[in-house]
Structure formats: C-alpha cells, structure tokens
Amino acid sequence: MTDAPGFAEWMSFLEARHLADLTFQEVSRSLRALSATYVERRKRLGEGAALAGAGKRAAFGLFYGPLHFLLIRHIVSSLPELGRGVETIVDLGCGTGAAGAAWAKTRAAGAVVHGVDRHPWAVDQARETYRIFGLRGRVRVDDAAKMLLPERSAVVAAFAVNELSAATRDRLLPRLLSHAERGGRVLVVEPLAGFVAPWWPTWQRAFQSSGGRADEWRTRASLPAIVEKLDRAAGLNHRELTGRSLWI
Ligand SMILES: C[S@@+](CC[C@H](N)C(=O)[O-])C[C@H]1O[C@@H](n2cnc3c(N)ncnc32)[C@H](O)[C@@H]1O
C-alpha cells in the first residue's frame, strides 16, 4: 500500500516539514495528546481542538494523514466500483488531503480533487499534498456541509462526519443520498469504535436502503518508518489498519 506513486516523496516532505521546528519527542507527546482528544475529549472536537497548536497539527499531518491515506487506498483497491469513470473527487473535511489523494492515486488517475476543510492550516497542507502527488487539486476553506457537489462527482468524507454537529450531520445525509441518486458516488469512512460515530447504524440503514453497501476493514500494513516510530513512542498500535465504510 505504501507503493502508491508519490507516497515516498510525500512522506519525506511531511517528515522534513513537521520535524523542522519540533523535535521527535515533542511530536510524539503531541500525538498522545491528540489521540486523547479523539478518544476522551471528543466534545471539544467541534471547537477545532484536534488541530489546535503546532504540536497537534504536526502529529496529525505526519501520523494520521499517512495512516488515513493507506486505509483509503486499501478500501478503494478493494471496491472495484470506486474506480469506474471518476473524474472529480470532492473530499469533505479533507484535512491534509490524504483521502482524496489516496482515491485519485489508486483508481482515478487524472481526476480533479476538490478538498474542503474549515481549517485554513489543513487546506494549506492539502494543497501541498495534491502538488506532491502530481494531482490536479483545488482547495477551499469552507463548511463541508455547505459545499456544492458537482454533478456525478465522487464524494469522500473520511474521519470527518464524526466531527460535525448532529444538526449538520442530519442535513448532510439526505444531500449525500440525493447526490448518489443523481449519478454521484459517496464514500464515508469512520473508525470501527462505536462511540466515535453513534449515528453510524442510522446512516448504514439509509445507505443500504438506497442500494449502498457497508463494510468493515482490517488490514496489516507495513508503515512508513517515521509513522511506526511515532506509533511506538506514543504507546499506540496501528500495525493493523482498521475502519468501516459506507459506499453508494
Ligand atoms: C480527523 S480529520 C480527517 C481529515 C481527513 N479527511 C483524513 O482522513 O485524514 C477531520 C477533519 O474534518 C474537518 N472538519 C470538521 N468539521 C468540519 C466542517 N464542518 N466543515 C469542514 N471541515 C470540517 C477538520 O478541520 C479536520 O481537518
């Protein structure tokens, strides 16, 4: 999975950028804090707590970005339907651009990727990600729920829907389903842990009754050296990449 063209260059770029002003120890300490935010301080995610501060941003960019890239690459290579005729990919809550880039590099060479995120730092990182992967990319600071979805585009929302408020999420679901009805495609990815996305069963029923599918993923991955080192130093364990997806 680490064999995607451009992946090694992206990793070198991330390592150089995120370890330019912070030491490895500072980033690994921030990774522990970031992981605690995702698990124990979830209520603060809506205020942007995950990307608050240089340390957490570096931890997100250097650790979670590559992990998400590898998981999305695995999902997209496992679902052949995700590769047919994709010309535009919209990445909602794109973060550093990992999910859209993984989809494009795996199955949609030549697709234009539109990344949207409410965080200006994330959008800057996504721009760099698209550049390094040689993708035609556009980025925009905006609310994911307000993003216009181009006709027949492929929409991915990876690890992002769980950060939306309940009201925004409720408005997004019918929009995504109606986008699919009009010829678009939608891929939603979230962690396996039920507490992260208590809304999942409702979304799963809605996707499945509109003809979509739901999957759970577990795959062993050889991680980039810096990701493995951070994983160990922060006391985490990502030798197996996991997640669940909805696809229509
Ligand atoms: C856990 S990160 C995932 C990023 C990326 N999709 C990935 O897989 O690596 C969640 C992202 O969603 C963004 N986000 C949260 N709420 C948002 C909203 N209402 N509109 C746009 N972006 C949002 C955050 O700024 C963050 O970059």
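Up top is the structure.
Keep in mind that what you see is a predicted model, and the values were worked out from it rather than measured. (Residues numbered from 1 in each chain as written. Predicted model: local features only at pLDDT ≥ 70, side-chain atom pairs only at ≥ 80, totals over all residues. Heavy atoms only, no water.)

Caption draft 1: Broad picture of the overall build of the chain. Counting secondary structure elements, the chain contains eight helices and seven strands. In summary, the chain has a C-alpha radius of gyration of 17 Å against a globular reference of 18 Å for 248 residues, a match within 12%. Seen as two clouds, the 34 positive and the 25 negative side-chain charges of the chain have centres 1 Å apart. (Helix = DSSP H or I, 4+ residues; strand = E, 2+ residues; numbered from the N terminus. Rg over C-alpha atoms; globule rule 2.2 N^0.38 Å. Lys, Arg positive; Asp, Glu negative; His and termini not counted. Charge placed at Lys NZ, Arg CZ, Asp CG, Glu CD.)

Caption draft 2: Seen up close, the packing of aromatic side chains. Throughout the structure, instances matching the rule amount to 10 aromatic pairs. Taking the centre distance of 5.4 Å and the plane angle of 55° together, the rings of Trp10 and Phe133 count as tilted. Taken together, the positions of Trp10 in helix α1 (residues 7–18) and Phe133 in the loop between α5 (120–132) and β3 (136–141) put the pair 123 residues apart, joining distant regions of the chain. Phe133 gets classed as buried once you look at its relative accessible area, which sits at 4%. Three or more aromatic residues link up through ring pairs in this structure, and these residues are Phe7, Trp10, Phe69 and Phe133. The ring of Phe24 is capped by Lys229, whose NZ or CZ atom sits 4.5 Å from the centre of that ring. (Phe/Tyr/Trp six-rings, centres within 6.5 Å; stacked < 30°, edge-to-face > 60°. Buried < 20%, exposed > 50% of the residue type's maximum accessible area, 1.4 Å probe, protein only. Lys NZ or Arg CZ within 6 Å of the ring centre and 35° of its normal.)

Caption draft 3: Spatial organisation of the site of the ligand. Near the ligand lie 18 residues; those nearest to it are His68, Gly93, Asp117, Ala144 and Ala158. Here a nitrogen atom of the ligand and a backbone polar atom of Gly93 are 2.8 Å apart. In the environment of the ligand, an oxygen atom lies 2.6 Å from a nitrogen or oxygen atom belonging to the side chain of Asp117. Its residues placed into classes, the shell around the ligand shows nine nonpolar, four polar and five charged. (Near = heavy atom within 4 Å. Polar contact = N/O pair within 3.5 Å; in protein donor to acceptor, adjacent residues only side chain to side chain. Nonpolar A, V, L, I, M, F, W, Y, C, P; charged D, E, K, R; others polar.)

Caption draft 4: α5, seen in detail. In this model α5 runs 19 Å from its N-terminal to its C-terminal C-alpha over 13 residues, within 8% of the 18 Å that 1.5 Å per residue would give. The complete set of buried residues in α5 reads Trp121, Ala122, Val123, Gln125, Ala126, Glu128, Thr129, Tyr130 and Ile132. Looking one or two residues past α5, Gly134 carries a phi angle of roughly 70°, positive in sign. (Expected span 1.5 Å × (residues − 1).)

Caption draft 5: Local environment of the packing of helix α3 (residues 54–78) against helix α8 (residues 225–233). Running from amino to carboxyl end, α3 crosses α8 at an angle of 115°, the nearest separation of the two axes being 9 Å. As far as their axial angle goes, α8 and α3 are roughly perpendicular. Considering how the two elements wind past one another, α3 and α8 form a crossing that is left-handed. Together, Leu62, Phe63, Pro66 and Leu67 of α3 and Ile226, Val227, Leu230 and Asp231 of α8 make up the contact between the two elements. (Axes fitted to C-alpha atoms, helices over the stretch in contact; angles between N-to-C directions. Parallel < 35°, antiparallel > 145°, perpendicular 65-115°, else oblique. Left-handed = near helix turned anticlockwise from the far one by under 90°. Contact = heavy atoms within 4.5 Å.)

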